[in-house]
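# Structural overview for review
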Amino acid sequence: MHYRILGRTGLRVSVVGVGTWQFGGEWGRTYAAADVAPILVAARDTGINLIDTAECYGDHLAEELIGATLPGKRADWIIATKWGHKFHRCFQRDHLFKPADLLTQLEGSLRALRTDHVDLLQFHSGDDAAFATEGMWEAAATAKAQGKVRFLGNSIGANDNIRQTDASTSVGADVIQVIYNRLQREPEAAVFPSCQRQNLGVLARVPLASGFLSGKYRPGHAFPADDVREVWMKNGRDALLAEVEKISANEVPAGVPMAAWALAWCLRHPAVTAVIPGCKDAAQVHANAAATTLDIGQPTHPSRVD
Ligand SMILES: NC(=O)c1ccc[n+]([C@@H]2O[C@H](COP(=O)([O-])OP(=O)(O)OC[C@H]3O[C@@H](n4cnc5c(N)ncnc54)[C@H](OP(=O)(O)O)[C@@H]3O)[C@@H](O)[C@H]2O)c1
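Residues numbered from 1 in each chain as written. Predicted model: local features only at pLDDT ≥ 70, side-chain atom pairs only at ≥ 80, totals over all residues.

## Some words on the overall build of the chain
Filter applied, for reference: Secondary structure is summarised from DSSP: a helix means a run of H or I of at least four residues, a strand means a run of E of at least two, and numbering begins at the N terminus for each. In this setup the radius of gyration rests on C-alpha atoms only. A globule is expected at 2.2 Å times the number of residues raised to 0.38. Here a residue counts as buried when 20 or more other C-beta atoms sit within 10 Å of its C-beta, as exposed when there are 12 or fewer, and as partly exposed otherwise, the C-beta atoms being derived from the backbone. Residues are scored as being in contact if the C-beta atoms we place from backbone atoms lie within 7 Å.
Tallying secondary structure elements over the chain gives 12 helices and 12 strands in all. On C-alpha atoms alone, the chain measures out to a radius of gyration of 18 Å, which is about the 19 Å that the 2.2 N^0.38 rule sets for 306 residues. Within the chain, buried positions represent 49% of all 306 residues. The long-range share in the chain, meaning contacts at least 24 apart out of those at least 6 apart in sequence, stands at 79%.

Okay, structure coming up:
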């Protein structure tokens, strides 16, 4: 595993983390502690120390499963969660960004995670009106001053939201989480340069384009009815899968697993600190961790500390 410094937080994170939306049950299967435990053990064994979760992957369900199964010491892990969404049932949430909502959600996250602090608390993809909610960032700063949160971040919704990215320093956010992958390169234009100017850590989410960049799906593939890719991503899906076929043929070297290649591709950008692929089992964790050993010609990141 390689490690990098997460911008001005100074946190040392593995360049491959584990995304945990999957544990909430919206990816075609449900999870219990017995399913999550081997995933986190695989993460620890491969040197991964970064977990991204959220209040709404189930109603604090992913956090509960992580809290129940986290191997080793709490201090060995960097746990990132979020505020702003209230999960009701699969594929149904409210967006709640008032200061009191933040505090309620944070307390729920701490309880579920069985910890007294999270390392990173991220604004969960709210629009610009939500970003400007009166008192919200002040409430977040208070939680930080109380030691319940080490650092604040913003998981921007639109992956070209330069307005929110530019405002990071003024609201006290030190990390941007953003969709970035071989099919979705919008952050390169303005968001990444802004992150570099402010020395923000950057977590690249959806780095496998929801699994499409694993290369295992062909146009026409139908996902299970309880899979987010069937519920929210039907439009344009076949066009993306056709694009993946071209990338596979033209860009991925023979013998290299496409998923690992796709993660290494993201890590090539000097603004990106880490990728956080969602993992459904231990084998995917191992396959994703292997991205760090791939040399696809990337420039070395200036803050790489290996
Ligand atoms: N607004 C937000 O803040 C926000 C939104 C989205 C995601 N996120 C975070 O970002 C994380 C990553 O995004 P994502 O999970 O949506 O998309 P992703 O990481 O691009 O794709 C995850 C999916 O790819 C497949 N996969 C993973 N590793 C693989 C491997 N080695 N080989 C083949 N297939 C593999 C799995 O699905 P199959 O095996 O079923 O194909 C998995 O569910 C989430 O888990 C979450 O923590 C945050």
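## Observations concerning the sheet that holds strand S3 (residues 18–19)
Worth spelling out the cut-off: Paired strands, as defined in this entry, are two strands with at least two bridges between them according to DSSP. Note on method: axes are straight lines fitted to C-alpha atoms, helices fitted across the in-contact stretch only, with angles between N-to-C directions ranging 0 to 180 degrees.
In space, the 8 strands of this open sheet follow the order S3-S4-S5-S8-S9-S10-S11-S12, with parallel pairing throughout. Looking at which strands have only one partner, the edges of the open sheet turn out to be S3 and strand S12 (274–275). Together, strand S5 (78–83) and strand S8 (118–124) form the strand contacts of helix H3 (residues 99–113), whose direction differs from that of S5 by roughly 145°.

## A short note on the nonpolar core
For clarity, the threshold we go by: By convention the nonpolar core is taken to be a set of buried residues drawn from Ala, Val, Leu, Ile, Met, Phe, Trp, Tyr and Cys and joined through C-beta atoms within 7 Å.
Residues Leu121, Val202, Leu263 and Val275 are the most contacted members of the largest nonpolar core, which totals 91 residues. For this core, the leading source of residues is helix H11 (residues 258–267), giving 10 residues. Beyond its immediate chain neighbours, meaning those up to four positions away, Leu121 contacts Thr81, Trp83, Leu106, Ala140, Ala143, Val149 and Leu152.

## Re the environment of Ala262
Among the secondary structure elements, Ala262 is positioned in helix H11. Looking at Ala262, the number of C-beta atoms within 10 Å reads 29, which means it is buried. A sequence separation of 26 residues divides Ala262 from Asn288, and the C-alpha atoms of the two residues are 9.5 Å apart. Those residues in contact with Ala262, other than ones at most four positions away along the chain, are Asn181, Arg182, Pro207, Leu208 and Leu213.

## A look at the packing of helix H1 (residues 33–45) against helix H12 (residues 282–289)
Rule in force here: Each angle receives one of four descriptions, namely roughly parallel if under 35 degrees, roughly antiparallel if over 145, roughly perpendicular if within 65 to 115, and oblique otherwise. Two helices that cross are described as forming a left-handed crossing if the nearer one is turned anticlockwise from the farther one by less than a right angle, and a right-handed crossing if clockwise. Polar here means any residue outside two lists: the nonpolar Ala, Val, Leu, Ile, Met, Phe, Trp, Tyr, Cys and Pro, and the charged Asp, Glu, Lys and Arg; Gly therefore counts as polar.
Interaxial distance between H1 and H12 falls to 8 Å at its minimum, and their mutual angle equals 20°. Judged on the interaxial angle alone, H12 and H1 are roughly parallel. As for how H1 packs across H12, the hand of that crossing is right-handed. Residue-level contacts link Pro38, Ile39, Ala42 and Ala43 of H1 to Ala282, Val285 and His286 of H12. Per-class residue counts for the contact of H1 with H12 are 6 nonpolar, 1 polar and no charged.

## So, the site of the ligand
To keep it simple, the criterion reads: Being near a molecule or strand means, for a residue, that its backbone-placed C-beta atom lies within 6 Å of it.
Taken together, 29 residues lie around the ligand, and Gly19, Leu208, Gly211, Ser214 and Gly278 are the ones closest in. The element contributing the most residues to the shell around the ligand is H12, with 3 residues. Its residues assigned to classes, the shell around the ligand comprises 11 nonpolar, 13 polar and 5 charged.

## Regarding the pairing of strand S9 (residues 149–155)
Taking burial as the measure, the 7 residues of S9 include 6 buried ones, the bulk of the element. Where S8 and S9 come together, 6 bridges link them in parallel fashion. Residue Phe123 lies in a different strand from S9, and its bridge partner there is Asn154. The pairing of S9 with strand S10 (residues 173–179) spans 4 bridges and is parallel.

## Looking at the pairing of strand S6 (residues 85–89)
Relative to strand S7 (residues 92–95), S6 runs antiparallel, the two being bridged by 4 bridges. In the strand pairing of S7, His85 is matched with His95. Taking the residues between adjacent antiparallel strands as the criterion, S6 and S7 are bridged by 2 residues, where Phe91 takes a positive phi near 70°.

Taken by themselves, the reported measurements are silent on function.
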